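Each chain is listed here by its residues.
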Amino acid sequence: MLRGPATVNFWVDDPEAAKQWYTELLGVEPYFERPGNGQPAAYYEFRIGDYQSELGLIDRRYAPPGAAAAPGGAILHWHVDDVQAALDRLLSMGATPYQPLTEYGPGFVTASVIDPFGNVLGIMYNRHYLEVLGR
């Protein structure tokens, strides 16, 4: 039934600031925005990683009623080659610690931060990810 993540969306109070921060972090510009055409954007979308997964930044004004405003809930971990280096970079860019770097056994290391916009961003080294990618 589930075939893989299509888009991960983060609510942000300042879409332009979030776009700039994630552009610097990811090293790519968003490939899609709405409304655009000279209008202030309320949504930016990036394609990133080995599978060109989508990360969307949505103006919090469009969040459903009752949506959480504080960090929490499910954490999506993005695979990185070096968790400590990625964590150090995120913290140097203004993210704050959420879960410390934790080793769960050979080939499994995670950490997570809260981005400057209040979203939890998980990072992970996962040897199974690399095995699947290599096939």
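Residues numbered from 1 in each chain as written. Predicted model: local features only at pLDDT ≥ 70, side-chain atom pairs only at ≥ 80, totals over all residues. Heavy atoms only, no water.

1. So, the overall build of the protein
Thinking step 1. The number of helices and strands found in the protein is 3 helices and 8 strands.
Thinking step 2. N-terminal to C-terminal, the α/β element order of the protein is β-α-β-β-β-β-α-β-β-β-α.
Thinking step 3. If you line up the protein on its principal axes, its C-alpha atoms span 50 × 30 × 30 Å.
Thinking step 4. Relative to its full complement of 135 residues, the protein shows a buried share of 36%.
Thinking step 5. Counted over contacts in the protein with a minimum sequence separation of 6, partners at least 24 positions apart contribute 51%.
Thinking step 6. Total accessible area on the protein is roughly 8,200 Å²; 54% of this is exposed by carbon and sulfur atoms.
Thinking step 7. Within the protein, the 16 negative side-chain charges are centred at a point lying 8 Å from the centre of the 9 positive side-chain charges. (Helix = DSSP H or I, 4+ residues; strand = E, 2+ residues; numbered from the N terminus. Buried < 20%, exposed > 50% of the residue type's maximum accessible area, 1.4 Å probe, protein only. Contact = heavy atoms within 4.5 Å. Areas by Shrake-Rupley, 256 points an atom, 1.4 Å probe, with all protein chains shown as cover. Lys, Arg positive; Asp, Glu negative; His and termini not counted. Charge placed at Lys NZ, Arg CZ, Asp CG, Glu CD.)

2. A look at the confidence of the model for the protein
Thinking step 1. Across the protein, pLDDT averages 93, with 99% of residues at or above 70.
Thinking step 2. Mean pLDDT per element in the protein: helix 3 (residues 127-134) is the minimum at 90, and helix 2 (residues 83-92) is the maximum at 98. (pLDDT = per-residue confidence, 0-100.)

3. What to know about the sheet that holds strand 1 (residues 7-12)
Thinking step 1. A sheet is described by the order of its strands in space; here 4 strands give the open sequence 1-4-3-2, paired in mixed fashion. Each of the sheet's edge strands pairs with one partner strand only, and the pair in question is strand 1 and strand 2 (32-34). Averaged over all adjacent pairs, the angle separating strand axes in this sheet is 15 degrees, with direction ignored.
Thinking step 2. Note that strand 1 and strand 4 (residues 53-59) share 6 bridges and pair parallel. If you follow Trp 11 over to strand 4, its bridge partner there is Ile 58.
Thinking step 3. Together, strand 1, strand 3 (43-48) and strand 4 form the strand contacts of helix 1 (residues 15-26), whose direction differs from that of strand 3 by roughly 10 degrees. (Pairing = 2+ DSSP bridges. Axes fitted to C-alpha atoms, helices over the stretch in contact; angles between N-to-C directions.)

4. Side note on the packing of aromatic side chains
Thinking step 1. Enumeration according to the criterion identifies 6 aromatic pairs in this entry.
Thinking step 2. Here the aromatic rings of Trp 21 and Phe 117 are separated by 6.2 Å at their centres, their planes lie at 80 degrees, and the arrangement is edge-to-face. Remark: Phe 117 occurs in the loop between strand 7 (108-114) and strand 8 (120-126) and Trp 21 occurs in helix 1; sequence separation between them is 96 residues. Considered together, Trp 21 and Phe 117 belong to a single accessibility category, that of buried residues.
Thinking step 3. Residues Tyr 31 and Phe 32 carry aromatic rings whose centres are separated by 6.2 Å and whose planes lie at 40 degrees to one another, so their mutual orientation is tilted.
Thinking step 4. The partly exposed category is assigned to Phe 32, whose relative accessible area is 29%.
Thinking step 5. Taken together through their ring pairs, the aromatic side chains of Phe 10, Trp 21, Tyr 22 and Phe 117 make up a single cluster. (Phe/Tyr/Trp six-rings, centres within 6.5 Å; stacked < 30°, edge-to-face > 60°.)

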